[in-house]
Amino acid sequence: MPALSDIAAKVGVLPYDADVAVDAILGEAVRRVRNRGMTVGGLLQRTGERLSNGRLSIWLDDVGTGETLRLDQPRGPGAKDCIVDPDALAHAACLLRRVIEQRQDVVVVNRFGYAESVGDGMRAEIADAICSDAVVLIAVRVSRLEGLERFLGGAATVLPLASTAVADWVERAVSARRQGIAGQVAGV
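Residues numbered from 1 in each chain as written. Predicted model: local features only at pLDDT ≥ 70, side-chain atom pairs only at ≥ 80, totals over all residues. Heavy atoms only, no water.

### A few points about the overall build of the chain
So, step 1. Of the regular secondary structure elements, the chain holds seven helices and seven strands.
So, step 2. Along the chain direction, N to C, the helices and strands of the chain fall in the order α-β-α-β-β-β-α-β-α-α-β-α-β-α.
So, step 3. Counting over 188 residues, the chain shows a buried share of 45%.
So, step 4. Excluding contacts between residues fewer than 6 apart, the proportion of contacts in the chain whose partners are at least 24 apart in sequence is 66%.
So, step 5. For the chain, the exposed surface amounts to about 9,000 Å²; the carbon and sulfur share of it is 52%. (Helix = DSSP H or I, 4+ residues; strand = E, 2+ residues; numbered from the N terminus. Buried < 20%, exposed > 50% of the residue type's maximum accessible area, 1.4 Å probe, protein only. Contact = heavy atoms within 4.5 Å. Areas by Shrake-Rupley, 256 points an atom, 1.4 Å probe, with all protein chains shown as cover.)

And the structure:
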């Protein structure tokens, strides 16, 4: 993993509670970043129809290809445990790995969620994104922020929950990374 100061400079975290529309904020930030001329790849989460257990279905959209993937597995009206489909999560990990290989300016990770907090899920892909040259955006529930920071080995940059502020930070972080990379190349 990169040095802690590098992680804070390139990993932006959006901590949210249940009443925050973090997916809409990330989606609008992605649009703004693209309009500023940066390349963006990754996964955005959204909800769909209400299921029989009262929860909303969960979908992932690949921001580069438009591919859509259903992330939940309907489990009936009494289901209270995690409803994430492990096969869909593995497919999402493959999509994220493909994005990382494309060397985007920005990689959006839909969530550092329960699976990642217990050592599963897309931890390897998140680590690969952080180790790449990309700036990384990660949404995380406030209750899982401490687990994410343990995973990162220190604090990331906590971003305000406003798309303009997120896009402004991304622009500064991408610019700094580009200058740093150009400086490394020039110094060789």
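Picking up where we left off.
### As for the packing of helix α3 (residues 86-101) against helix α5 (residues 123-131)
So, step 1. Running from N to C, α3 and α5 cross one another at 10°; their axes reach a closest spacing of 9 Å. Classed by the angle they form, the pair α3 and α5 counts as roughly parallel. Between α3, through Ala93, Leu96, Arg97 and Ile100, and α5, the contact on the second element is made entirely by Ala124, Glu125, Asp128 and Ala129.
So, step 2. Of the residues that constitute the contact of α3 with α5, the class distribution is five nonpolar, no polar and three charged. (Axes fitted to C-alpha atoms, helices over the stretch in contact; angles between N-to-C directions. Parallel < 35°, antiparallel > 145°, perpendicular 65-115°, else oblique. Nonpolar A, V, L, I, M, F, W, Y, C, P; charged D, E, K, R; others polar.)

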